[in-house]
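Remarks on the overall topology
The lines below spell out each chain.
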Amino acid sequence: MKPIIARTIAEVRAAVRAARADEQRIGCVPTMGALHDGHLELVRVAKRNTEFVVTTIFVNPTQFGPNEDFARYPRTLDADVTRLEEVDCDLVFAPAVDEMYPESLTTVEVAKLGDQLCGPRRPGHFRGVCTVVLKLLNIVQPDVAVFGAKDAQQARIIVRMVRDLNVPVEIVVAPTVREADGLAMSSRNRYLSPEERAEAPRIHAALRAIRNRAIAGETDAARLESALNHELAAIPGARIDYASIVDDSTLKPIAILDRPALAAVAVFLGSTRLIDNITIP
Ligand code: AMP
């Protein structure tokens with residue numbers, strides 16, 4: 001069945017209230033739209049855990065920096081709704097900016113976890129993400145909300161925000177969905193030229209190579225990090241924003257791999273910034 005489309009907070013609340021009255025549990029999948037199979041997988045996960053799934057589609061202006069791609073971010077609502085029908089999404093919440101941000105003075109920020117990786121390179125980004133996610137959780141009031149492991153730092157920050165602020169929701173983090181050649185699916189992949197698209201899978205290949213070296217016994221994080229940087233620098237047209245090996249839970253740099261680690265990268269191919277990561281057990 002075609003999902004219900006809600007444009008206002010009042011409409012979402014009414015639909016969720018009706019579902020709850022019918023003893024359905026509520027799932028929520030926050031997205032910025034331009035949906036791909038990675039997003040659809042999150043909806044499937046939500047649908048396995050709950051009966052009534054709300055997908056939110058909102059290109060959130062407060063998480064974009066002044067020189068980022070807010071204006072040109074793809075907006076494909078009709079196609080998104082068609083795809084959501086395939087995975088039995090029950091309701092799409094696609095608010096206008098004014099519906100989400102009437103004059104407001106409050107923001108939410110999680111300390112420390114935003115100090116590395118994307119944090120310093122995208123000032124204010126995680127504040128924007130946390131604020132909009134908390135608003136969406138308060139609007140939908142889901143039992144379960146699903147996020148993707150592709151945005152590893154974002155997922156950790158949201159888990160922490162929910163814990164610290166006692167938000168009554170279970171956060172599920174679903175694995176990264178990839179193209180057949182390994183490239184992590186992303187709404188931004190459509191910006192890539194054919195040449196850039198052909199080189200892009202080397203980002204994931206570099207991460208896998210590092211993980212294999214670690215599994216084979218290399219425990220020196222600096223050596224792994226330098227090998228990772230070397231592999232990424234060899235991609236034609238690539239500019240490394242960062243390529244770091246950090247503690248998997250605190251996201252702080254580590255010297256020796258004596259605990260679970262995360263290799264996380266952000267790479268520009270032309271003007272497109274792609275992120276990816278891999279956990280190192
Ligand atoms: P976005 O629309 O890019 O803001 O992403 C919305 C949600 O989808 C976030 O929780 C992302 O982590 C998740 N997501 C994006 N790409 C993927 C992917 N390739 N695999 C799994 N989840 C993803």
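For the structure given in this document, a descriptive report is provided here. (Residues numbered from 1 in each chain as written. Predicted model: local features only at pLDDT ≥ 70, side-chain atom pairs only at ≥ 80, totals over all residues. Heavy atoms only, no water.)

Some thoughts on the overall build of the chain
Counting its secondary structure elements, the chain contains 10 helices and 9 strands. Relative to the compact-globule value of 19 Å for 281 residues, the chain shows a C-alpha radius of gyration of 19 Å, a close match. Structurally, the chain occupies a C-alpha span of about 55 × 40 × 35 Å along its principal axes. The buried share among the 281 residues of the chain stands at 52%. Partitioning the contacts of the chain with sequence separation of at least 6, the portion at a separation of at least 24 is 73%. (Helix = DSSP H or I, 4+ residues; strand = E, 2+ residues; numbered from the N terminus. Rg over C-alpha atoms; globule rule 2.2 N^0.38 Å. Buried < 20%, exposed > 50% of the residue type's maximum accessible area, 1.4 Å probe, protein only. Contact = heavy atoms within 4.5 Å.)

A look at the site of the ligand
The environment of the ligand is made up of 16 residues, and the closest members are His39, Gly148, Asp151, Val177 and Met185. Contacts to the ligand include methionine 185, whose backbone N or O atom sits 2.8 Å from a nitrogen atom. Taking 480 Å² as the accessible area of the ligand by itself, protein coverage stands at 93%. Counting residues per element, the ones that place at least two in the shell around the ligand are β2 (26-31), α2 (37-49) and β5 (144-148). The greatest single-element share of the shell around the ligand, amounting to 3 residues, is contributed by α2. By residue class, the composition of the shell around the ligand is 7 nonpolar, 7 polar and 2 charged. (Near = heavy atom within 4 Å. Polar contact = N/O pair within 3.5 Å; in protein donor to acceptor, adjacent residues only side chain to side chain. Areas by Shrake-Rupley, 256 points an atom, 1.4 Å probe, with all protein chains shown as cover. Nonpolar A, V, L, I, M, F, W, Y, C, P; charged D, E, K, R; others polar.)

What about the sheet that holds strand β1 (residues 4-6)?
Reading across from one edge, β1-β4-β3-β2-β5-β6 is the order of the 6 strands in this open sheet, with parallel pairing throughout. With partners counted over all chains shown, the strands left at the sheet margins are β1 and β6 (170-174), one partner each. Pairs of neighbouring strands in the sheet enclose a mean axial angle of 25°, with direction left out of account. Here β2 runs beside strand β3 (residues 52-57); their pairing, made up of 6 bridges, is parallel. Among the inter-strand pairings, cysteine 28 is bridged to a residue of β3, identified as valine 54. (Pairing = 2+ DSSP bridges. Axes fitted to C-alpha atoms, helices over the stretch in contact; angles between N-to-C directions.)

Note that all results are geometric; they support no functional claim without further evidence.
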